Amino acid sequence: MELSDKIAEYVVSAEDFSDEMLHEAKRRLLDSIAVALASTNSPPAKILREMSNLFSGNSPLLSGGEATIDFASFYNTLLIRYLDFNDTYLSKEPLHPSDMIGGLLSVGSVFDISGEELLKSIIVGYEIGVRLCDSTSLRKKGYDHVNFLQIASTSALSRLLSLDIEKTKNAISLTLVPHIALRESRSGKLSMWKAGATAEAVRNSVFATLLAKNGFTAPDKPFSGVFGFFNIIAKDFDLSTFENIKSGSILKTFIKKYPVEYHAEATVEAVLKLDYEGEIKKVIVETYEAGKTILADSEDKWNPKNKETADHSLPFITAVTLLTKRFWLDSYNLIGDPKVVSLMKKIEVVERDDYTSVYPKELPTRVIVITDKGTYESEVRVPRGHSANPMSDEEIEEKAKLLGLSESQIKLIWEIDNMKVKDFVRNLTKV
């Protein structure tokens, strides 16, 4: 059976949504919206708002105003993704599954969808995204994880719009076949496209799903065809991950406590646990393969010039946390600071085979600081926010407040299952 058939059958028939899953979907909505609204004054968001008059429409933007449904999906998704502070899943391939929420809010606002159905669609999208990440690695082949995001997003959108099996299959194919993204988006010196790639993937999935909804057909075998995904990109794809699909994978994903790429979460915690004395002579960060190859893969990570590169720089994140004893959004104001630059030169990042062997069940990181007064070490194996060490509702609310959400906005999000998505999005900027 073609994989898109299996996915479509699950999307259409899934009803195994527990109260725990629905509550977790609300937690991800709260976290994503808080991160999104905190990035409305970011440089790429400003560029998009200046362009929005070219895309007049009736789909609400999270920061206020309206645009076409595809432009709103791009914009809302970019807001969620830009700060690199929304949730994560780590497996053979990493993913930020809540990226799909931007498109779901845009489409849900136009098609009179209920908040409860939005939550169920989020659960469906997470399920497909997680299973795709468990099936093969894209980054090691030179392809970007957003290829999996757009399939997951299309699955969630197909559920949201109540598409039948055939239309859901067409939506998946229309999303996948024309839109294969390269890993260059996340290599070396990074750019605004780090967030833009995600936004584009969701925009593509929205347009493809709407085409399918209205009867547009697509290649029958986007995965197993002669020139399909399996034969061209992922011959090692593990189809067993899609046997007997049941909901619940949203509970396996992680929320971020600190505004850094997830492989650096444990590093921040480890540094904050250190109580060193004296002048730093050398710092060694011991991590696993993904931590090193993603966050310390080139000289650019020892000399970041912009926020996009700095939040993927283990040397920068380590240096700033050592010097300031904290890490928050304003920590990126220290890009180029002479003290930070000087300390980064003393930082070495090392992969440990024993750490790599337990990834991603654990994300072990050890920070060793050598000063003129001694050697100080700290290890964190499972950072706060990981599914094995989850943040509480209160911690997520506190993060949202620090990002600028009001008590009334937080209350509105917790109560989304009692309203329409269009009312929810429009009221966000009013409360």
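All chains use their own residue numbering, which begins from 1 and follows the written sequence. The model is predicted, so local features are restricted to residues of pLDDT at least 70 and side-chain atom pairs to those at 80 or more, both for listing and for counting; the totals for chains, interfaces and linings are taken over all residues. For side-chain calculations, the full set of non-hydrogen atoms in the structure is used, while hydrogens and water are omitted.

Enquirer: What is the right way to look at helix H9 (residues 193–213) in this model?
Expert: Note on helix geometry: an α-helix contains 3.6 residues per turn, so any two residues three or four positions apart are oriented the same way. With 21 residues, H9 should cover 30 Å at 1.5 Å per step; its first-to-last C-alpha distance of 29 Å lies within 8% of that length. Burial of H9 is extensive: 15 of the 21 residues sit out of reach of the surface. Once H9 ends, the next one or two residues include Gly215, with phi positive near 100°. In this description a helix means any DSSP run of H or I spanning at least four residues, a strand means any run of E spanning at least two, and both kinds are numbered starting from the N terminus. Working rule for helices: expected span equals 1.5 Å times residues minus one. Think of it in three bands: residues with accessible area under 20% of the maximum for their type are buried, residues over 50% are exposed, and the middle band is partly exposed, with areas taken using a 1.4 Å probe on protein chains only.

Enquirer: Would you take a moment to explain the pattern of salt bridges for this structure?
Expert: Opposite charge on two side chains lets them pair, provided their charged atoms get close. For this document, the term salt bridge refers to a Lys or Arg side-chain nitrogen within 4 Å of an Asp or Glu carboxyl oxygen. Under the counting rule described, the total for this entry stands at 41 salt bridges. The salt bridge partner of Arg28 is Asp87, with a shortest N-O separation of 2.8 Å. In this pair, Arg28 sits in helix H2 (residues 19–38) while Asp87 sits in the loop between helix H4 (69–82) and helix H5 (101–110), placing the two residues 59 residues apart along the sequence. A relative accessible area of 2% places Arg28 in the buried class. When the shortest N-O distance is used, the salt bridge between Glu289 and Arg139 registers 2.8 Å. Placement of Glu289 in helix H12 (residues 289–295) and of Arg139 in the loop between helix H6 (115–135) and helix H7 (146–160) is noted, with a sequence separation of 150 residues between them. The exposure class of Glu289 is buried, given its relative accessible area of 18%. The class for Arg139 is buried, based on a relative accessible area of 14%.

Enquirer: Before we go on, may I ask you to explain the pairing of strand E5 (residues 365–371) in this structure?
Expert: Looking along a regular strand, one sees side chains alternate from face to face of the sheet. Summarising burial for E5: six of the seven residues are buried, a large majority. If DSSP finds at least two bridges between two strands, the strands pair. Bridge analysis of strand E3 (residues 280–287) against E5 gives six bridges, and the strand direction is antiparallel. Counted as the bridge partner of Glu286 is Arg366 from E5. Taken together, E5 and the strand that follows it, strand E6 (residues 374–380), pair antiparallel across an intervening segment of two residues.

Enquirer: How should I be thinking about the packing of aromatic side chains in this particular structure?
Expert: When we look at a pair of aromatic rings, we describe it by the centre distance and by the angle of the planes. Only centres within 6.5 Å qualify two rings of Phe, Tyr or Trp (six-membered ring in Trp) as a pair; their planes then separate them into stacked at under 30 degrees, edge-to-face at over 60, and tilted for everything else. In total, this model carries 13 aromatic pairs according to the counting rule given. Geometrically, the ring pair formed by Phe55 and Phe71 is stacked, given 4.6 Å between the ring centres and 15° between the ring planes. Of this pair, Phe55 sits in the loop between helix H3 (43–51) and strand E1 (59–60) while Phe71 is found in helix H4, placing the two residues 16 residues apart along the sequence. Exposure remark for Phe55: the relative accessible area of 27% places this residue in the partly exposed category. Each ring, one from Phe254 and one from Tyr262, has its centre 5.3 Å from the other, and the planes form 45°; the classification is tilted. Classification of Phe254 as buried rests on a relative accessible area of 2%. Grouped by ring-pair contacts, the aromatic residues Phe148, Phe223, Phe229, Phe230, Phe237 and Phe242 constitute a single cluster. The ring of Tyr332 has Lys307 sitting right over it, with the charged end atom 5.0 Å from the ring centre. Any Lys NZ or Arg CZ that is within 6 Å of a ring centre and within 35 degrees of that ring's normal is treated as a charge sitting over the ring.

Enquirer: What am I meant to see in the sheet that holds E6 here?
Expert: Neighbouring strands of a sheet are bound in pairs by backbone hydrogen bonds; such pairs are parallel or else antiparallel. Within the open sheet, the four strands sit side by side as E4-E3-E5-E6. Their pairing is mixed. Strands with a single pairing partner mark the edges of an open sheet, and in this sheet they are strand E4 (347–351) and E6. Mean inter-strand twist for the sheet, computed between neighbouring axes without regard to direction, equals 15°. Where E5 meets E6, seven bridges bridge the pair, whose relative direction is antiparallel. Bridged to Arg366 within E6 is Glu379. Sitting on the sheet, helix H14 (residues 314–324) is in contact with E3, E4 and E5, with an inclination near 125° to E3. Simply put, an axis is a line fit to the C-alpha atoms, just over the touching stretch for a helix, and the angle between two N-to-C directions goes from 0 to 180 degrees. Contacts were defined at the residue level, with two residues in contact if any of their heavy atoms lie within 4.5 Å.

Enquirer: Sorry if this is basic, but what is going on with the environment of Leu403 here?
Expert: Looking at the secondary structure, you find Leu403 in the loop between helix H17 (393–402) and helix H18 (407–414). Distance from Leu403 to Ala296, taken between C-alpha atoms, is 28 Å for residues 107 residues apart in sequence. Excluding anything up to four places from it in sequence, Leu403 contacts Ala34, Val35, Ala38, Phe85, Trp328 and Leu329.

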